[in-house]
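A look at the structure
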Amino acid sequence: QVNLAESGGGLVQAGGSLRLSCAASGLTFSSYAMGWFRQAPGKEREFVAGINWSGGSTNYADSVKGRFTISRDNGKNTAYLQMNSLKPEDTAVYYCALSRYLSRYAPYDYWGQGTQVTVSS
C-alpha cells in the first residue's frame, strides 16, 4: 500500500520559514518524480515545485521561485520543501504527489493528505 505523509506545516509570521517533509512508503521512491502542490481556500490547486527522480532537475512556479527549494533524499524515501520569506499569500494546504514525469502537467499517481501552512501578516 502506497502512503505519502506530509509534515512540517504550521503557523508562521510573514518573512519566516518552514520546511515541509513528505515521507513515502510502499513503492520504489527513486522511480518517481515528486511534486508539491497547494490549495488555498476558494482557489484551485496549483503546482508549486517539482523534482525529478534523482534530484538533478527541478522546476518552480514563478510565485515561489527564489524563495522555495525542493529537494529529496532517496535513501530516506523523503522529499522536502524549504520555504523561506513566506508571504500571507502562501497560506494553503500543501500536498506532495508522485509522478512518473517531472512536469506540472503530468498525471500524478499518488497524493499525500496535505499539511496546512498559515502565514500571518
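Look up a bit, the structure's there.
Rules behind the numbers
Residues numbered from 1 in each chain as written. Predicted model: local features only at pLDDT ≥ 70, side-chain atom pairs only at ≥ 80, totals over all residues. Heavy atoms only, no water. Pairing = 2+ DSSP bridges. Helix = DSSP H or I, 4+ residues; strand = E, 2+ residues; numbered from the N terminus. Axes fitted to C-alpha atoms, helices over the stretch in contact; angles between N-to-C directions. Contact = heavy atoms within 4.5 Å. Salt bridge = Lys/Arg side-chain N within 4 Å of Asp/Glu carboxyl O. Buried < 20%, exposed > 50% of the residue type's maximum accessible area, 1.4 Å probe, protein only. Disulfide = S-S within 2.5 Å.

Strand order across the open sheet formed by four strands is β1-β3-β8-β7, with antiparallel pairing between neighbours. Of all strands in the sheet, those with a lone pairing partner are β1 (3–7) and β7 (68–73), marking the two edges. Sheet twist, expressed as the mean angle between neighbouring strand axes with direction ignored, is 15°.

Note on placement: Glu44 falls in the loop between β4 (33–39) and β5 (46–51). Residues Glu44 and Ala97, 53 residues apart in the sequence, show an inter-C-alpha distance of 16 Å. Leave out the neighbours within four places in its chain, and Glu44 touches Arg38 and Gln39.

This part covers the pattern of salt bridges. Scanning the entire structure with this criterion turns up four salt bridges. Between Arg38 and Asp90 there is a salt bridge; the shortest N-O distance is 2.9 Å. Taken together, the residues span a long stretch of sequence, with Arg38 in strand β4 and Asp90 in the loop between β8 (78–83) and β9 (92–99) at a distance of 52 residues. In this structure Arg38 comes out as buried when scored by relative accessible area, which is 6%. A relative accessible area of 1% places Asp90 in the buried class. Its salt-bridge partner being Arg67, residue Asp90 comes within 2.7 Å of it at the nearest N-O pair. Remark: Arg67 occurs in the loop between β6 (58–60) and β7 and Asp90 occurs in the loop between β8 and β9; sequence separation between them is 23 residues.

With that out of the way, let us pick up the state of the cysteines. Under the counting rule described, the total for this entry stands at one disulfide. There is a disulfide in this structure between Cys22 and Cys96, and the S-S distance comes to 2.0 Å. Because the sign of the S-S torsion sets the handedness, a value of about 60° for the bond joining Cys22 and Cys96 places this disulfide among the right-handed ones. Placement of Cys22 in strand β3 (residues 18–25) and of Cys96 in strand β9 is noted, with a sequence separation of 74 residues between them. Among the residues examined, Cys22 registers a relative accessible area of 0% and is labelled buried. The buried category is assigned to Cys96, whose relative accessible area is 0%.

Keep in mind these values describe shape, not function.
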